[in-house]
Amino acid sequence: MKPVLQSARRLVVKVGSALVTNDGRGLDHAALANWSAQIAQLTHMGKEVVLVSSGAVAEGMQRLGWKARPSAVHELQAAAAVGQMGLVQAYESSFRSHALHTAQILLTHDDLADRTRYLNALSTLRTLLALKVIPIINENDTVATDEIRFGDNDTLAALVTNLIEADALVILTDQAGLYTADPRNNPDATLVSEAHAGDPALEKMAGGAGSAISRGGMLTKILAAKRAARSGAHTIIASGREADVLVRLAKGEAIGTQLAATQTPLSSRKTWLADHLQVRGKLTLDAGAVKAVTLDGKSLLPIGVINVEGEFARGEVVTCVSPEGVQIARGLANYAASEARKIVRLPTTQIEATLGYVDGPELIHRDNLVLL
Ligand SMILES: Nc1ncnc2c1ncn2[C@@H]1O[C@H](COP(=O)(O)OP(=O)(O)O)[C@@H](O)[C@H]1O
Ligand SMILES: N[C@@H](CCC(=O)OP(=O)(O)O)C(=O)O
């Protein structure tokens, strides 16, 4: 497989909590300065870099003198608010020594699910990159509740990769890459140097987080690679402690695990649809509709829907499942849930007689539907 970082012009680099905080011992300033120096070199090589950095909660705990990660949400949010100051302070001063400005961007999933806010975030990021500023992104933990959170920064980094249509996502962590099993408990595990992003075999190899302060573990990294591949981005998982890892990757060296995007990239609007982590409703399709949508490239008509769950308005995102409950697609509903319930199983010719008007013959138009 060709090394992907050499030709990548725009990339997202993600550094995880375990790495940034040296396994929870407070910010590792030397490591932060080192990555900043490498990113500065990448910009001299003509690359645009967005940094997604974890570590706010761990740094906040350190500053507040808390020994254990709190379980109460308001305490976690308070720790994140304190720690984020330390995080951006450290990046700001180390990038400044390379004559680069930084910008802080804190996001919740809501910001990317809402089309207008998504486009706003995109144009801000594009402007910052054009100005040669390094955007430093983290989840907005202080306001994020379960409904609006990404959950972990691997997912956030993948969504940012799709947002800015980056060529590559580099996930730096505390292991040399993806191993055939969690190397912490399996001494015989071997490094996977390359694979296709989205290969289901990878999900079986990946285990949970390696430390009490991290959230994701290897599984979220594998799923992040699968997400990023939808917009055509390749993913590299490598050790952030490997000397000059980013610069060497950019020069074409093979380090860590390279997960190649092999599918035809989706349009940015369809990637946005696929990246919705929360959906408002669920449509169960009959076997004929599953075939029409997945194999024949057709829109979803009401006649092929056997059940409608949830409460959604016209234009909101719903998921489509097979009669066996397997998720096959998602899309924007043409009708609100209450109307959809009245027209399912009916031919399109009966929509007007049933509702008194027609908003379109389809329940989900093909242009607003993405296969998963
Ligand atoms: N198959 C695997 N290969 C490598 N690491 C794995 C695997 N399965 C689980 N892990 C664990 O994932 C950890 C990295 O994820 P995580 O702790 O979330 O770090 P980060 O803070 O960098 O996101 C590793 O320390 C390792 O223990
Ligand atoms: N937003 C959190 C990041 C949590 C997180 O996802 O951490 P990790 O799994 O180490 O990338 C923080 O800054 O503490």
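Residues numbered from 1 in each chain as written. Chains lettered and ligands numbered in written order. Predicted model: local features only at pLDDT ≥ 70, side-chain atom pairs only at ≥ 80, totals over all residues. Heavy atoms only, no water.

Novice: Teacher, can you tell me more about the packing of helix H3 (residues 56-64) against helix H4 (residues 73-96) here?
Specialist: Remark: H3 packs on H4, axes separated minimally by 6 Å, with the N-to-C direction vectors making an angle of 95 degrees. As summarised for this structure, H3 and H4 are arranged roughly perpendicular, according to the angle between their axes. Every residue of H4 that contacts H3 at Ala56, Val57, Glu59, Gly60, Met61, Arg63 and Leu64 is listed here: Leu76, Ala79, Ala80, Val82, Gly83, Gln84, Met85, Gly86, Leu87 and Gln89. Each residue belonging to the contact of H3 with H4 can be placed in one class, and the counts come to 10 nonpolar, five polar and two charged. (Axes fitted to C-alpha atoms, helices over the stretch in contact; angles between N-to-C directions. Helix = DSSP H or I, 4+ residues; strand = E, 2+ residues; numbered from the N terminus. Parallel < 35°, antiparallel > 145°, perpendicular 65-115°, else oblique. Contact = heavy atoms within 4.5 Å. Nonpolar A, V, L, I, M, F, W, Y, C, P; charged D, E, K, R; others polar.)

Novice: Can you help me understand the sheet that holds strand E11 (residues 317-321) in this one?
Specialist: By way of backbone hydrogen bonds, the strands of a sheet pair with one another, either parallel or antiparallel. An order of E10-E9-E11-E12-E13 is seen for the five strands of this open sheet, with the pairing classed as mixed. Of all the strands in the sheet, the pair left with one neighbour each is strand E10 (305-310) and strand E13 (369-371). Neighbour to neighbour, the strand axes of the sheet diverge by 20 degrees on average, direction disregarded. Across three bridges, the pairing between strand E12 (residues 327-332) and E13 is antiparallel. The partner of Arg330 across the bridge, within E13, is Val370. Across the sheet, helix H12 (residues 287-294) is in contact with strand E9 (281-285), E12 and E13; its angle to E9 comes to roughly 105 degrees. (Pairing = 2+ DSSP bridges.)

Novice: I'm lost on the packing of aromatic side chains in this one. Help?
Specialist: Two descriptors summarise a pair of aromatic rings, namely the distance from one centre to the other and the angle between the planes of the rings. Inspection of the entire model under this criterion finds two aromatic pairs. Seen in terms of ring centroids, Tyr118 and Trp272 are 6.1 Å apart; in terms of plane orientation they differ by 55 degrees. Their pairing is tilted. Separated by 154 residues along the polypeptide, Tyr118 in helix H6 (residues 115-130) and Trp272 in helix H11 (residues 268-274) bring together distant segments of the chain. (Phe/Tyr/Trp six-rings, centres within 6.5 Å; stacked < 30°, edge-to-face > 60°.)

Novice: Would you take a moment to explain the domain arrangement of the protein for this structure?
Specialist: For an interface, size is often stated in terms of accessible area lost upon the parts coming together. On domain assignment, one finds that the protein holds domain 1 (4-265) and domain 2 (277-371). Distance between the C-alpha centres of domain 1 and domain 2: 36 Å. (Domains from an automatic or database assignment.)

Novice: Can you help me understand the UniProt feature "binding site: ATP" (unreviewed entry) in the protein in this one?
Specialist: When the UniProt feature table is mapped to this numbering, "binding site: ATP" (unreviewed entry) covers Lys14, Thr173 and Asp174. The greatest C-alpha distance among the residues just named is 12.0 Å, despite their covering 161 residues of sequence, which places them together in space. With respect to the helices and strands, the residue Lys14 is situated in strand E1 (residues 10-15). Beyond its immediate chain neighbours, meaning those up to four positions away, Lys14 contacts Val52, Ser54, Asn153, Asp154, Ala157, Val170, Ile171, Leu172 and Lys221. Along the chain, the position of Thr173 falls in strand E5 (residues 168-173). Residue contacts for Thr173: discarding those within four places in its chain leaves Leu19, Met218, Lys221, Ile237, Ala238, Ser239 and Gly240. (UniProt positions renumbered as here; feature names shortened; annotations may be inferred.)

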